Amino acid sequence: MGSTKTYSIFSLFLLFLCFCFTAFAQEEVVSYTSPREYQIADITISGVEFLDNAALIHLSGLVVGQRILIPGDKISDAIDKLWKQNMFENIAITITRTEGNRVYLNIALEERPRLSKITFEGLSKGEINKIEEDLGVKAGDLITDYKISTIEKKTKKILLDKSYLNAEINVIRKADTSEANSLQLIVQVNKKSKVKISTITIEGNSAPKVDNPTATFWEKFLRPFNKISNPENLAFTDARIRRKLKNTKQVNFWRFWKKSKYVPSAFKEDLKTLMTAFNKEGYRDARVISDSIYKIDDKRIGIKINLFEGKPYYFGNIDFVGNKKYTELQLQEVLGIKKGELYNEEKFTKNLMSNPSGVDIYALYYDDGYLMFTATPVETNIHNDTVDMEIRIYEGLQSRFNTILLKGNTRTNDHVILRETRTVPGQLFSRSDLINSVNELRQLRFFNDQTINPDVQPNEDGSVNIQYQVEEVGSDQLELSGGWGGGMIVGTVGIAFNNFSLQNIFKKDRWKPLPSGDGQKLSLRVQSNGTYYYTVSGSFTEPWLGGKKPLAFSVSVNHSMQSNSKSKGDPDYGRLIINGVSVGLGQRLKWPDDFFTLYQSLNYQQYKMKNYGGVVVGFENGVSNNFNYTITLSRQSMDAALFPKTGSTISVTAQLTPPYSLFRGNKNYNNMSLEQKFNWLEYYKISVKMGWYFNPFADLVINARMRFGFLGYYNAKIGYPPFERFFMGGDGLTGFALDGRELIGLRGYLNNSLSPNYGSTAYEKITLELRYPVSNNPMATIYALGFFEAGNAWNIATKINPFSLYKSAGVGVRLYLASMGMFGLDWGYGFDPVPGNPKANKSQFHFSINQSLDW
């Protein structure tokens, strides 16, 4: 017992001596009142597993051999530099030992944990993918408080955009025992209920409505009706302001297509749009004083918007300074703004430099070569409610096109692209020519419509280089389809090579899989039901015959046979055989403008009938020949090939045969058989098609079309030909009859149900469509549509009544695949009953493959 006590006292004494020695030594080495200079003998790193020691020493700024004061700024600076790397939880620099004035340092670091895995709970897969995409978080990243906060904020934003305003987010850190110094993050989300906007309250909109002194006829006409709907005569009523908030809507039972959700970013954009609406009507001082949201209950909120409207302003004097090329009167006419008109900054800017119609002052100069032209508007005086302006013009020198460059065309040859452009080297620079060149390239359908980009590159000598950036897309089309027509199933196999190259057909290295790049078109098509009907056709088109002018040469051949399904040995066996060939030539015209084309062709069809009763009663056997000349004058100015938003298309076609009866003398046609009378067909046929595209706002497109046709004869004793008639009703595509008939669709009615059995000799049709794109991807363009149609067909031209039309309406969708063509599905409802065919109208579905229903 005594020895144990003695041992304990001795141990305590030794510890006391060690403590005193250490304290003495430390006091000797580190004194905050008397810093001492040392030379660094060595630097070590401790506590680090994943980082390079040499790199960390370099980051600290300390160097072996360096002389430093201890304590001193060098040590504290080193710690600061390491802290800024945001990689460590703790940092300490200690002295391991000293040898005279030499010191050994250790940098003790505690690394931040690394992410091994992040898991989201309470979210859908799509929401998780969106958050992970925005975050860019991956395994091995350092976990910091900032990163945790970012995860919370990003998750919160995604949920806000989906109307989960009350969502709760909790990020849990969980140690990962499988990896050293690593953590798993578990993001727990309680989305709670979606929140809808119950009401939108507007304050501050008290300014009276002011009539525009330069109002159009329709604005003046509608004034009495506006006063009925706006008895308070406010410039902006609550209802009108709510309509301007396109993406922020309060709950309404009838607005099923637009959800009443609150999205902060969309609400901010709506407020900007609202201010633009105020500015367009002269309220240039209008602003949002405040906006706020308040909670009504867990599922509903309210929005309050407090406005300052100010007073309406008007345009005063608008003067031009520096203009030499055009007079002030000419410029005033293009600007199109009169003194006393309500101040509209958007209209002023548009008419100055960015009018979609191409009629603005910048376009006036740009189309005349003045590439360096600038027009700077300055408000020179604001007196009361009137704004005087001065437009300061710098015209510069005229520029000419120099070198035309191409980029991105991997398949299409340069000359195919360059011949479509209107930016010719040596000509004056023209913005219109540049825009039209892009539209022409879009019409080729060889390139992505959305990415065709002309890069304007001015040179020091005043000339301009143009580089067209294009992105090739597949333009060849394969048609594999099956359909029902005439009581049987008909299969079709077709292929169209839209960028074919005939001159490379014997070059093995150019077959990928076929020679391409010259913009020629080769198409082959076979259609059959496998037993008693088939047709084979082929065509070739060279759009630039000779390579110097847009002279399109085309040739096509076809052979068809249709029988009555009986065996050839049966005495009742009947069939119709048609052989045809066509040669055509098309050319672009310079007058009245560059959008006109003229197409002419010579066509021959031979109809060989045997017991075939599908044409005219009494004409069942024999041969009929149809030799005709066709001429088409057309104008096309759409801004895109697949989904045009603006522009128009008009075509007038005349198909004429020789007037054989004029050279036959006085023959008695009454005693002739139908085979003799129609051995050589004689007729004339006129067709007119017109279509317009309008883009009132956003991506909505209005397409208005009308067409009519007329089949006439030269000799009343011969009358109408049995072929080349019109058949109306249905999709306008179904039908394989080989008698030269022209199919005109009218959705909402059965196929061909609006024409007599043997066809019509005149028709009229009008269409109005609303289109909206779902996808503008050139590889898969999709758009939805709603339509109204009206039309009729008449057996005798003298019975035409343009006001007696069958009407229908419906909806549809179009899908264009670059490799397969156009697919269409429509549902139409025919409003008018068809005499003798009670099932012809009402609800009808129409399906089409590889066809365009624009007509």
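Refer to the structure presented above.
First, a word on what this report is: a plain description of the structure on this page. (Residues numbered from 1 in each chain as written. Predicted model: local features only at pLDDT ≥ 70, side-chain atom pairs only at ≥ 80, totals over all residues. Heavy atoms only, no water.)

1. Some words on helix α13 (residues 431–444)
Counting along an α-helix, one turn takes 3.6 residues, and residues three or four places apart therefore face a common direction.
Alright, step 1. Compared with an ideal rise of 1.5 Å per residue, which puts 14 residues at 20 Å, α13 spans 21 Å between its outermost C-alpha atoms and is within 8% of the ideal.
Alright, step 2. In terms of burial, α13 is largely enclosed, as ten of its 14 residues are buried.
Alright, step 3. Among all positions of α13, only Arg-431, Asp-433, Leu-434, Asn-436, Ser-437, Val-438, Asn-439, Glu-440, Leu-441 and Leu-444 are buried.
Alright, step 4. Buried positions along α13 lie against α10 (345–354), α11 (361–366), α12 (414–418), β15 (453–458), β16 (464–469) and β22 (575–588).
Alright, step 5. Two or three places before Ser-432, at the start of α13, stands the capping residue Ser-430, its side-chain oxygen 3.4 Å from that residue's backbone nitrogen. (Helix = DSSP H or I, 4+ residues; strand = E, 2+ residues; numbered from the N terminus. Expected span 1.5 Å × (residues − 1). Buried < 20%, exposed > 50% of the residue type's maximum accessible area, 1.4 Å probe, protein only. Contact = heavy atoms within 4.5 Å. Polar contact = N/O pair within 3.5 Å; in protein donor to acceptor, adjacent residues only side chain to side chain.)

2. A look at the sheet that holds strand β9 (residues 287–297)
Alright, step 1. Strand order in the open sheet formed by three strands is β8-β10-β9, and the pairing between neighbours is mixed. Across the chains shown, the open sheet's two edge strands, defined by having one partner strand only, are β8 (196–203) and β9. Pairwise comparison of adjacent strand axes, ignoring direction, gives a mean angle of 20° for this sheet.
Alright, step 2. Examined bridge by bridge, β8 and strand β10 (residues 300–308) share seven bridges and lie parallel to one another. Following the sheet pairing, Ile-197 is matched in β10 by Ile-301.
Alright, step 3. Of the strands in this sheet, β9 and β10 are in contact with helix α8 (residues 264–280), which crosses β10 at around 35°. (Pairing = 2+ DSSP bridges. Axes fitted to C-alpha atoms, helices over the stretch in contact; angles between N-to-C directions.)

3. Notes on the packing of helix α4 (residues 125–135) against helix α5 (residues 145–160)
Alright, step 1. For the pair α4 and α5, interaxial distance at closest approach is 10 Å and the crossing angle is 135°. Compared by their axis directions, α4 and α5 come out oblique. Viewed along their axes, α4 and α5 form a crossing whose handedness is right-handed. Contacts from Glu-127, Lys-130, Ile-131, Asp-134 and Leu-135 of α4 reach α5 at Thr-150, Ile-151, Lys-154, Thr-155, Ile-158 and Leu-159.
Alright, step 2. Within the contact of α4 with α5, the residues separate by chemical class into five nonpolar, two polar and four charged. (Parallel < 35°, antiparallel > 145°, perpendicular 65-115°, else oblique. Left-handed = near helix turned anticlockwise from the far one by under 90°. Nonpolar A, V, L, I, M, F, W, Y, C, P; charged D, E, K, R; others polar.)

4. Digging into the sheet that holds β16
Alright, step 1. Reading across the sheet, the three strands line up as β14-β16-β15 and stay open at both edges, with mixed pairing between neighbours. Looking at the sheet topology across the chains shown, the edges are occupied by β14 (401–407) and β15. Neighbouring strand axes in the sheet, compared pairwise and without regard to direction, differ in orientation by 20° on average.
Alright, step 2. With five bridges connecting them, β14 and β16 associate as parallel partners. Residue pairing for β16: Leu-405 is matched across the bridge by Gln-467.
Alright, step 3. The sheet strands contacting α13 are β15 and β16, and the helix crosses β16 at an angle near 25°.

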